[in-house]
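Overview (structure and organization)
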Amino acid sequence: MGDLLLVRHGETQWSLTGQHTSWTEIPLTENGREQAEGLAPLLAKFRIGAAFTSPRERARKTAESAGFPAARVDPDLSEWDYGAYEGVTTVEIHRTRPDWYLFTDGVAPGPAEHPGETPEQVGERADRMLAKVDAALANTEGSVVLFAHSHFLRVLTARRLGLPASGGALFQLATGTVCRLSTEHGRPVVASWNIRP
């Protein structure tokens, strides 16, 4: 079987300021567009059998610029629903919750259409996505690439490695980078992380 390639979208204004961004449509900055374009030659080194992207514009534009305009949109690749913390920085949250940590505490409830997700709910979504990845790997030759978001991809990595969703805290993920999950002796491993063009 091929590898699983994870691509975090290019830089946005909110990724620069550290604001939590799930459903809000924030475009790529000029640097973010350059990051996305720079991924094309890096990803061209791999034999890709299937490509999936989050429905958010920043992920779709990254996929297009990286050479995958036909990547299949899958809502399971959406970023963690931050509920009431959408657009808020960790520094701001710590003013009222000094010990708060996303990967263990989740988020404060938001509006009805975006109530927020617990770490376990994000983990369940990651598991669903991994089942789709495994099906694609079994039915295509080559690797599978996912274009998505930092916190979600960190949880997905933890789940791929057999860790709880909270294990996503162990994997810092930069904008406009590629990470490769592979296998060694039949077990999932991190083969490379935060690779830049």
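Note: the structure precedes this text.
Reference entry: report on the structure contained in this document. (Residues numbered from 1 in each chain as written. Predicted model: local features only at pLDDT ≥ 70, side-chain atom pairs only at ≥ 80, totals over all residues. Heavy atoms only, no water.)

1. A few points about the overall build of the chain
What the chain contains, in helices and strands, is seven helices and six strands. Listed by position from the N terminus, the elements making up the chain come as β-α-α-β-α-β-α-α-α-β-α-β-β. Computed over the C-alpha atoms, the radius of gyration of the chain is 16 Å, within 12% of the 16 Å expected from 2.2 N^0.38 for a compact globule of 197 residues. Taking the principal axes of its C-alpha atoms as reference, the chain extends roughly 50 × 35 × 25 Å. When the 197 residues of the chain are sorted by exposure, 51% land in the buried category. Contacts in the chain between residues at least 24 apart in sequence constitute 66% of all its contacts with a sequence separation of at least 6. Here the chain displays about 9100 Å² of accessible surface, and carbon together with sulfur accounts for 51% of that area. Distance from the positive charge centre (20 side chains) to the negative charge centre (24 side chains) of the chain: 4 Å. (Helix = DSSP H or I, 4+ residues; strand = E, 2+ residues; numbered from the N terminus. Rg over C-alpha atoms; globule rule 2.2 N^0.38 Å. Buried < 20%, exposed > 50% of the residue type's maximum accessible area, 1.4 Å probe, protein only. Contact = heavy atoms within 4.5 Å. Areas by Shrake-Rupley, 256 points an atom, 1.4 Å probe, with all protein chains shown as cover. Lys, Arg positive; Asp, Glu negative; His and termini not counted. Charge placed at Lys NZ, Arg CZ, Asp CG, Glu CD.)

2. Some details on the pairing of strand 1 (residues 4-8)
With five of its five residues buried, strand 1 lies for the most part within the structure. Residue alternation in strand 1 divides its side chains into two sets, L4, L6 and R8 and L5 and V7, and both sets are buried. Judged from the four bridges that link them, strand 1 and strand 5 (residues 178-184) form a sheet pairing that is antiparallel. Note that in strand 5 the partner of L6 across the bridge is C179. (Pairing = 2+ DSSP bridges.)

3. Focus: the sheet that holds strand 2 (residues 48-53)
The strand order across the open sheet built from six strands is 3-2-4-1-5-6, with neighbouring strands paired in mixed fashion. Among the strands making up the open sheet, the edge pair consists of strand 3 (72-73) and strand 6 (187-195). Where strand 1 meets strand 4 (residues 143-148), five bridges bridge the pair, whose relative direction is parallel. Looking at strand 4, one finds that V7 is bridged to F147.

4. Quick word on the packing of helix 6 (residues 119-139) against helix 7 (residues 150-160)
Look at helix 6 against helix 7: their axes get within 9 Å of each other, and the N-to-C directions meet at 70°. Taken together, helix 6 and helix 7 sit at an angle that is classed as roughly perpendicular. Between helix 6 and helix 7 lies a crossing whose hand is right-handed. Facing helix 6, whose interface residues are V122, G123, R125, A126, D127, M129, L130, V133, D134 and L137, helix 7 presents F152, V155, L156, R159 and R160. (Axes fitted to C-alpha atoms, helices over the stretch in contact; angles between N-to-C directions. Parallel < 35°, antiparallel > 145°, perpendicular 65-115°, else oblique. Left-handed = near helix turned anticlockwise from the far one by under 90°.)

5. Observations concerning the nonpolar core
Grouped together as the largest cluster of nonpolar side chains are 34 residues, with contacts concentrated most on L4, L6, V144, L146 and L156. Where this core is concerned, the elements lending two or more residues are strand 1, strand 2, helix 5 (102-105), helix 6, strand 4, helix 7 and strand 5. Ranked by residues supplied to this core, first place goes to helix 6 with seven residues. When near neighbours in sequence (up to four residues on either side) are disregarded, L6 contacts L146, L153, L156, T157, T177, V178, C179, L181 and W193. Among the nonpolar cores identified, the runner-up in size contains 13 residues, and L5, L42, F68 and V145 belong to it. (Core = buried A, V, L, I, M, F, W, Y, C linked by side-chain atoms within 4.5 Å.)

6. Overview of the environment of T12
The topology assignment puts T12 in the loop between strand 1 and helix 1 (13-17). Judged by its relative accessible area of 2%, T12 falls in the buried class. Taking the C-alpha atoms as reference points, T12 and E25, 13 residues apart in sequence, are found 9.9 Å from one another. Filtering out sequence-adjacent residues up to four positions away, T12 remains in contact with I26, P27, L28, T29 and R58.

7. Things to note about helix 2 (residues 30-43)
Taking 1.5 Å of rise per residue, the 14 residues of helix 2 would be expected to cover 20 Å, and the 20 Å separating its terminal C-alpha atoms lies within 8% of that figure. Listed in full, the buried residues belonging to helix 2 are G32, Q35, A36, L39, L42 and L43. The buried side chains of helix 2 occupy one side of the element, clustering within an arc of 110° when seen end-on. Facing away from the buried surface of helix 2 by more than 90 degrees, the exposed residues are E30 and P41. (Expected span 1.5 Å × (residues − 1). Arc of directions from axis to C-beta.)

8. Points about the pairing of strand 4
For strand 4, the buried fraction is high: six of the six residues fall into the buried class. Here strand 4 shows no split at all, with S143, V145 and F147 on one side and V144, L146 and A148 on the other all buried. In the sheet, strand 2 pairs with strand 4 via five bridges, with the strands oriented parallel. Paired with T53 across the two strands is F147, which belongs to strand 4.

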